[in-house]
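Letter by letter, the chains look like this.
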Amino acid sequence: MKTTASYLRVIGFMILAFFLLEFTIDSGEEWAIIKYPIIWAVLGMLFFFAIALEIVAAALQRILFASLSDEAKERYIAAEALRNQTRFGWFKRKYEDMLGAKPMEKEQDIVLDHNYDGIRELDNKLPPWWVYMFYATIIFAGIYLVRFQIFNGPNQIDEYETEVAQAKLDVAEFKKNNKDLIDVNTVEILTEPSDLAAGETIFTANCVACHKVGGAGGIGPNLTDDYWILGGGIKNVFHTISEGGRAGKGMISWKTDLKPSEMAQVASYVLSLHGTNPADPKDPEGEIWIDENAPVDNVQVKQVDSTEIEVKMTNDPVIDSIQPGK
Ligand code: HEC
């Protein structure tokens, strides 16, 4: 009995220590014990500490017991026995109450007076545990009725929609905090002035040598016109910056020098230069780039005269006029 109590105390202490550590150490989504393996060492030390404490306490008790007079020893043993008896008494009584069974000796009080070939019936009460659960279901039904039928609480579809909306916010938040997770497939054009300003800084530091200030073009092609050698649009431009141009042309891969977020910024800056007509532009190279992913019915192309066609996005008030060959 005593050793069992010691084991239980040590186990209880370890469980308590484990949860205390888990709750007090900020480890994000992960278990602290996985993120910080040092916790194993801490728990191990606490474990030895708890065992040592139990050993010391038991030894102390033995010494004190040995020092008692014979009469005091007897009293101690009697008191200990009583304590062990009453320790779980409350739980035992509650358990028996919940079963609600009549003790065998009192069964004659509740036996019914009919007799079927020697089979008799006891008029037992319903067991309290069952009755309480039944009451609980009635209360539950009442609350349910009022909350969901009368006050129109959220149904499963509403709950689903709230969760999806929250998840979208979480994804946006996550993307904001993890800008470098983007790649050529997920990159989107940035329009925040702060991102474009950062893009301009990167461009000035790394790109103007070949593309000139404002992207007018020098060794590298003009980045402000409608013509692209390697494709326009954020994904192609990001890809060109990340992987470089055609071999031997001079446009290197920047992915080792720039972070994905920086490549997205400079790519967005490059695209923001479109149509700015910088001084001394380099002649167009490549082909007019048409976004194949844009819904076709959003684009209206109108021939103005023999040298000019007008491209209009119906969902976008900006009208672009293109003069081929100019
Ligand atoms: C050493 C000179 C040089 C530097 C520095 C340079 N580029 Fe280029 N860039 C080129 C050349 C040359 C090409 C054409 C590549 C080809 O023809 O394949 C090019 C092509 C491009 C294109 C594709 C243009 C098209 O028409 O498809 C983009 C976009 C671009 N560069 C952006 C940048 C950015 C952004 C930087 C700075 C991070 C940069 N470049 C730095 C020389 C350079």
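What this report covers is the structure whose coordinates are included nearby. Note that the coordinates shown come from a computational prediction; the quantities given were computed from them, not determined experimentally.

Each value, and the rule that gives it
Residues numbered from 1 in each chain as written. Predicted model: local features only at pLDDT ≥ 70, side-chain atom pairs only at ≥ 80, totals over all residues. Core = buried A, V, L, I, M, F, W, Y, C linked by C-beta atoms within 7 Å. Buried ≥ 20, exposed ≤ 12 C-beta atoms within 10 Å, placed from the backbone. Helix = DSSP H or I, 4+ residues; strand = E, 2+ residues; numbered from the N terminus. Contact = placed C-beta atoms within 7 Å. Near = placed C-beta within 6 Å. Nonpolar A, V, L, I, M, F, W, Y, C, P; charged D, E, K, R; others polar. Expected span 1.5 Å × (residues − 1).

## Let's talk about the nonpolar core
F238, V266, A267 and V270 are the most contacted members of the largest nonpolar core, which has 16 residues in total. Every element with two or more residues in this core is listed here: α10 (233–243) and α11 (260–272). Here this core gets 7 residues from one element, more than from any other, and that element is α11. If we skip the residues at most four places from it in the chain, V266 touches G199, I202, F203 and I241.

## Focus on the environment of V266
By the secondary structure assignment, V266 is in helix α11. Taking the C-beta count within 10 Å as the criterion, V266 has 26 such neighbours and is therefore assigned buried. Remark: the alpha-carbon pair of V266 and G199, spanning 67 residues in sequence, is separated by 3.9 Å.

## A look at the site of the ligand
C207, C210, G220, G245 and M251 are the nearest of the 25 residues found near the ligand. Within the residue set of the shell around the ligand, elements represented by two or more residues are α8 (193–206), α9 (208–211), α10 and α11. The residue makeup of the shell around the ligand, split by class, is 16 nonpolar, 7 polar and 2 charged.

## Considering helix α7 (residues 156–177)
With 22 residues, α7 ought to run about 32 Å at 1.5 Å a step, and its terminal C-alpha atoms sit 31 Å apart, in line with that. Among the 22 residues in α7, 0 count as buried, and that is only a small part of the element.

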